[in-house]
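What the coordinates show
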Amino acid sequence: MSDNIYKPYVMRIEKIIEEAPDVRTFRLRFTSEEEAAGFVFKAGQFAEYSVPGEGESTFCIASSPTRDYVECTFRKAGRVTGALATLDEGDTLGFRGPYGNIFPLDEWKGKNLLFIAGGIALPPMRCVIWNCLDTRENFKDITILYGARTVSDLVYKHELKDWEERPDVNLVTTVDPGGETPDWKGQTGFVPTILDKMAPSCENTIAIVCGPPIMIKFTFPVLTKLGFRDEDIFTTLENRMKCGFGKCGRCNVGEVFVCKDGPVFTYAQLKTLPAEY
Amino acid sequence: MFGFLTSAGKKIYAPVKKNGILTFSFTSRFEEVEMSYVQTRLSAKSAAFPKIEKLLKYTIGKEGQSYEEVDVEKFPQVVVWGAHPCDAAAFHPLNAVFTWETRDKYFTKRLENLIVIGLSCTSHDENCFCTSVGVHPGDTKGSDILLTPMAGGDYLAEIVTPKGQALADAVPALFSAVEGVDKTQLVTKVEKRFDHQELHTKINGMFEHPVWKEQALRCIGCGACTYVCPVCSCFDIQDEGGIFGGLRYRCWDSCGFGHFTIHTSGHNPRETQDTRWRQRLMHKFSYQPQRQEVFGCVGCGRCSRSCPVDMNISEHLTQIMAL
Amino acid sequence: MNKLKERAKELLTSGTVQVVVGYEKGTGERIRPAFITRPEDADRLVFDAGCHHNLALYLYKHETKHLGKIAVVAPPFVLRSILILTTEFQIEENRLIVLGVTPGDELIEFGSFSEIETWVNQHPVEMKEKDREILKQLSAMNSGERWKFWQNEFLKCIKCFACRGACPMCSCFRCTVDYNNPQWISVGSHQLGNFDWHLMRAMHLAGRCSVCGQCGEACPMDIPVHLLSFQLNEDILRMFGSRAGLTLKKESLLSSFKPSDVENFIR
């Protein structure tokens, strides 16, 4: 990485996938071989994506570090994501990263994994899910519970199919009541409700939860009820971030900087933070 | 000394009365410089952390975009002249932020190019409270050479760092050794209002306390306190330019602004002014000391003086200590 | 100012209001806004010619409204601000008790906002002599000299937005500067961007300024930004015959059209 912490790598967009209305995935390649060779990241980390002239936007790296490309998924929501949404395959964008802490996959070896995601929060999870699936022998049972508001809002539809067909993954998908289509074969209900119904065992299991604040608010109590310890529940926080390396002050919550000490936190750690996220 | 420095090609950043206010300004005329003052409007932090700093130039061509760094080797050699011990001491916590695990080369280069000639305080006003936060009117912390005015027009010069020594070696005629000068007799005495370690311990447990709501009622949510503060370092990164090229810069920002922490979704973790006021004080006196082992305040009193509604920080802190 | 303190005590003790927003002594010689919630604290209230903050800006802030019903100590410029804010739907008459105070130490408790309207029309707007002088000098300059004057002043600007914070009429929940799509006004402090900000703000205040001068007073760099709005006020008085803060009629000057409006700028 260059010694200038503000200078982005230039990446070229190799492939664009339309995931859902306003949600897009970019597969990116470094324009510089040298930079590509020196680049390393781990599951959980994020980056600052630039459209020069518009600014930078913060979102996760959605592909697994076990692959040889970098992917990101974003929803068109503001100025920079709006500008990113106008880019085509072959265009370039700036990439600053990787920043943040990582999911402690080494500590999870030999355990069952329960992934719970909602809506646009599947991208940060996808990185760690694929990382685990690519190193499948390290883990025991893997369960994925993913829900969105409607069927069309489900992202990574083709990958959901892959996961469903794999015998070594238990995938449960759900849409909010009212979001189902006539041919919908998955569950119907809010994610916390479905989780309660599934009642997965907490024995030797790590739970990883990502979703909109309201979903997380109702999911944590269900996990606690099911016997999960706070240290075994992981989540990612999203705060407004700018620099990504703990200097600009925006994501400072208590003693913690979400960009440096997070975005991955355990529920136990979250409980020690002031509610400023 | 001043003449020597200007002729050596260094840019001098000194307290000058310009456009009606006394503040740090680049000057090459010694007659303009105030050698006896209580406090300037803006601090000397701009010498290392200016209000706007160009980072990158970008161009967008047929092959896509490219970024070019601003060449830090072109940064000038600067001498901060006549900074009081509070301002000089402030470069240390600033440096702690900009070199915390990653190094900001713009800041570090500017700091490397900087020589600080401090000036001890012979007077103070009711807003100063350096002695309550671990600094004092004759403190050498942060200065390369500290000057203390003596009777008769000379200055007691303490050579504090190798940079200071190199400077003194270049003009030996200006310096002569003295013994037995008691600096404490030459500087003003600022009454200690509280102990900073006790404050740190006390404020740590006060997140849920109702005092923040009371104290913040009159705060108007501007950035004046943040911008005049020699230690505050929050910044924004902005792009300005056209479709073919432009500039990415870093500029000052303040946690006191209502939209500092707002998410694109509209959710704002700090929606009311009291949560933002609390953040200011807890960051300076609790979080920063805890994480970066530096105090976020040097007691210069600028925030209190510049605040349109007299949010006098030492008064607020004294009130907190009394709770 | 005993009448004021007594009345404040009464209002708080009887529970008619939960907070009295006024002035109190600050650091050294300074005065600052005060929020009195307990009757025994009402002794902190002061009023004299040095009370300059425009307290109207607190009247629509969530943090103040949250405390309950408000009584506000109101010198003439605050009275004008209250009327302007009422015409802009920022404050409601039945949630406020206005304790008018004048330089002559008089306490006038207004029974209704139309009483305020009558009063302010009987007491003309006073500009400080110092400000009048500078405006005269500026008017005597040609546009090139004036441009240079303001260029120099805006070089000092650090974009702290204290001017915006101190002004009751800057009531937008999300200021123009806070929008980034597009970024109308530069965030950082540079010469062109600073001009943009101050000129835009002056235009947004044209016809709405209550002549309190607090924007200039609040500026930590002593930039006389209030003069921009004062001059615009005079221009608007000349062109449209009206001044802000003297009426309860809900009619915004620059966003309404009358056939009699001056059109000499269209050539």
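This section reports on the structure supplied with the text. Every value quoted in this text rests on a predicted model; they were computed, and no experiment measured them. (Residues numbered from 1 in each chain as written. Chains lettered and ligands numbered in written order. Predicted model: local features only at pLDDT ≥ 70, side-chain atom pairs only at ≥ 80, totals over all residues. Heavy atoms only, no water.)

Focus: the overall build of chain B
- The helix and strand inventory of chain B stands at 11 helices and 10 strands.
- Here chain B has a C-alpha radius of gyration of 21 Å; the compact-globule value for 323 residues is 20 Å, and the two agree.
- Each principal axis of the C-alpha distribution contributes one length, and for chain B these read about 65 × 65 × 40 Å.
- Taken across its 323 residues, chain B has 59% of its residues classed as buried.
- Working note: accessible area of chain B is about 12,900 Å², and carbon and sulfur atoms make up 53% of it. (Helix = DSSP H or I, 4+ residues; strand = E, 2+ residues; numbered from the N terminus. Rg over C-alpha atoms; globule rule 2.2 N^0.38 Å. Buried < 20%, exposed > 50% of the residue type's maximum accessible area, 1.4 Å probe, protein only. Areas by Shrake-Rupley, 256 points an atom, 1.4 Å probe, with all protein chains shown as cover.)

Observations regarding the overall build of chain A
- From N to C terminus, chain A includes 7 helices and 15 strands.
- Taking 2.2 N^0.38 as the reference for a compact globule, 277 residues should give roughly 19 Å; the C-alpha atoms of chain A span a radius of gyration of 18 Å, in line with that estimate.
- A principal-axis box enclosing the C-alpha atoms of chain A has dimensions of 50 × 45 × 35 Å.
- Within chain A, residue pairs in contact and separated by at least 24 positions form 68% of the contacts whose partners lie at least 6 positions apart. (Contact = heavy atoms within 4.5 Å.)

A word on the nonpolar core
- Grouped together as the largest cluster of nonpolar side chains are 203 residues, with contacts concentrated most on A:Leu223, B:Phe285, C:Tyr23, C:Ile82 and C:Val98.
- Looking at this core, the element that brings in the most residues is helix H3 (residues 76-87) of chain C, giving 7 residues.
- For this core, the two domains that each supply at least three residues are domain 1 (2-122) and domain 2 (129-255) of chain C.
- Among all residues touching A:Leu223, those that are not within four sequence positions of it are A:Leu114, A:Ile116, A:Leu195, A:Ala207, A:Val209, A:Phe228 and A:Ile233. (Core = buried A, V, L, I, M, F, W, Y, C linked by side-chain atoms within 4.5 Å. Domains from an automatic or database assignment.)

Examining the interface of chain C and chain B
- In this assembly, 40 residues from chain C lie in contact with 38 residues from chain B.
- Here chain C and chain B share an interface that buries about 3,100 Å² over both sides, 58% of which is from carbon and sulfur atoms.
- Looking only at chain C, the three residues that lose the most surface to chain B are C:Arg30, C:Arg32 and C:Glu63, adding up to 18% of its buried area.
- For the pair chain C and chain B, the interface holds 4 salt bridges.
- The salt bridge involving C:Asp222 is made with B:Arg41; its shortest N-O contact spans 3.1 Å.
- Viewed at the interface, chain B and chain C are joined by 22 residue pairs in polar contact (both at pLDDT 80 or more).
- If one sorts the elements of the side of chain C that touches chain B by residue count, helix H7 (residues 162-166) of chain C sits on top with 4 residues. (Buried area = accessible area lost by both parts, 1.4 Å probe. Salt bridge = Lys/Arg side-chain N within 4 Å of Asp/Glu carboxyl O. Polar contact = N/O pair within 3.5 Å; in protein donor to acceptor, adjacent residues only side chain to side chain.)

Considerations on helix H3 (residues 105-112) of chain B
Residues and elements named next belong to chain B.
- Taken across its 8 residues, H3 has 7 buried, putting it largely inside the fold.
- Packing partners of the buried residues in H3 comprise strand E3 (52-61), strand E4 (64-69), helix H2 (85-98), strand E6 (114-119), helix H4 (162-170) and strand E10 (245-252).
- Between the side-chain oxygen of the N-cap and the backbone nitrogen of tyrosine 106 there are 2.9 Å, and the N-cap of H3 in question is aspartate 104.

Regarding the packing of aromatic side chains
Residue and element names in this part refer to chain A.
- For the coordinates displayed, the defined rule picks out 40 aromatic pairs over all chains.
- When the ring of tyrosine 6 is compared with that of phenylalanine 245, the centres are 5.5 Å apart and the planes differ by 85°; the resulting orientation is edge-to-face. Placement of the pair is tyrosine 6 in the segment before strand E1 (9-20) and phenylalanine 245 in the loop between strand E12 (233-236) and strand E13 (252-253), with a sequence separation of 239 residues. Like tyrosine 6, the residue phenylalanine 245 is buried in the burial classification. (Phe/Tyr/Trp six-rings, centres within 6.5 Å; stacked < 30°, edge-to-face > 60°.)

Brief notes about the pattern of salt bridges
- For the coordinates displayed, the defined rule picks out 58 salt bridges over all chains.
- Between C:Glu133 and C:Lys136 there is a salt bridge, with its nearest N and O atoms 3.8 Å apart. Separated by 3 residues within a single helix, C:Glu133 and C:Lys136 lie in helix H5 (residues 129-140), roughly one turn from each other.
- Relative accessible area serves as the criterion here: at 34%, C:Glu133 is assigned to the partly exposed category.
- Since its relative accessible area comes to 58%, C:Lys136 is described here as exposed.
- Within the structure, one salt-bridge network assembled from shared partners comprises B:Asp310, B:Glu315, C:Glu24, C:Arg30, C:Arg32, C:Arg38, C:Asp41 and C:Arg44.

Let's talk about the sheet that holds strand E2 (residues 23-30) of chain A
Residue and element names in this part refer to chain A.
- Strands sit in the order E4-E3-E6-E1-E2-E5 across an open sheet of 6 strands; the sheet is antiparallel. Each end of this open sheet is capped by a strand with a single partner; those strands are strand E4 (55-60) and strand E5 (70-75). Adjacent strand axes in the sheet meet at a mean angle of 40°, parallel and antiparallel pairs treated alike.
- Inspection of the sheet shows E1 paired to E2 by 8 bridges, in the antiparallel sense. Bridging across to E2, isoleucine 17 finds its partner in threonine 25. (Pairing = 2+ DSSP bridges. Axes fitted to C-alpha atoms, helices over the stretch in contact; angles between N-to-C directions.)

So, the pairing of E2(A)
Residues and elements named next belong to chain A.
- Summarising burial for E2: 7 of the 8 residues are buried, a large majority.
- Between E1 and the antiparallel strand that follows it, E2, lie 2 residues; aspartate 22 among them carries a positive phi value of about 70°.
- Two strands pair when backbone bridges link them, and E2 and E5 are joined in this way by 6 bridges, in the antiparallel orientation. Along E5, the bridge assignment pairs valine 23 with arginine 75.

Some thoughts on the pairing of strand E7 (residues 145-149) of chain B
Residues and elements named next belong to chain B.
- When you tally the buried positions in E7, you get 4 out of 5 residues, the bulk of the element.
- Sheet analysis places E6 next to E7, joined by 3 bridges and oriented parallel. Across the sheet, residue glycine 118 finds its bridge partner in E7, namely leucine 146.
- Joining the antiparallel neighbours E7 and strand E8 (residues 155-159) is a turn of 5 residues, in which glycine 152 adopts a positive phi near 100°.

Topic: the sheet that holds E8(B)
Residue and element names in this part refer to chain B.
- One open sheet holds the 6 strands; their spatial order is E2-E1-E5-E6-E7-E8, and the pairing between them is mixed. The sheet terminates laterally at strand E2 (21-27) and E8, the two strands that pair on one side only. With direction set aside, neighbouring strand axes in the sheet form an average angle of 25°.
- Bridge analysis of E7 against E8 gives 5 bridges, and the strand direction is antiparallel. By the bridge assignment for E8, threonine 148 is matched with leucine 156.
- Across the sheet, H2 lies against E2, strand E5 (78-83) and E6, angled at about 145° from E6, the strand it touches most.

What to know about the environment of C:Arg146
Residue and element names in this part refer to chain C.
- In this structure, arginine 146 sits in helix H6 (residues 143-155).
- Looking at arginine 146, the relative accessible area reads 31%, which means it is partly exposed.
- When the C-alpha atoms of arginine 146 and alanine 74 are compared, they prove to be 35 Å apart, with 72 residues separating the residues in sequence.

With respect to helix H10 (residues 226-240) of chain C
All names here are of chain C.
- In a regular helix each residue adds 1.5 Å, so 15 residues correspond to 21 Å; H10 covers 21 Å between its end C-alpha atoms and thus fits that length.
- By the burial criterion, the buried members of H10 are His226, Leu227, Leu228, Ser229, Phe230, Leu232, Asn233, Asp235 and Ile236.
- For H10, the secondary structure elements touched by its buried residues are H5, H6, helix H8 (191-205) and helix H9 (214-218).
- Just beyond H10, the residue with positive phi is glycine 241, at close to 70°. (Expected span 1.5 Å × (residues − 1).)

A few points about the interface of chain B and chain A
- Taken residue by residue, the interface counts 47 residues in chain B and 43 residues in chain A.
- Roughly 3,700 Å² is buried in total at the junction of chain B and chain A, and carbon and sulfur atoms are behind 51% of that figure.
- For the interface between chain B and chain A, the tally reads 9 salt bridges.
- As a salt-bridge pair, B:Glu101 and A:Lys260 come within 2.7 Å of each other at their nearest N and O atoms.

So, the side chain of B:Ser304
- Structurally, B:Ser304 can be placed in helix H10 (residues 302-306).
- Residue B:Ser304 is classed as buried on the basis of its relative accessible area, which comes to 0%.

Focus on the environment of B:Asp139
Residue and element names in this part refer to chain B.
- Mapped onto the elements, aspartate 139 comes out in the loop between E6 and E7.
- Considered as a pair, aspartate 139 and lysine 51 are 88 residues apart in the sequence and their alpha carbons are 26 Å apart.
- Polar side-chain contacts of aspartate 139 include one of 3.1 Å to the backbone nitrogen of lysine 141.

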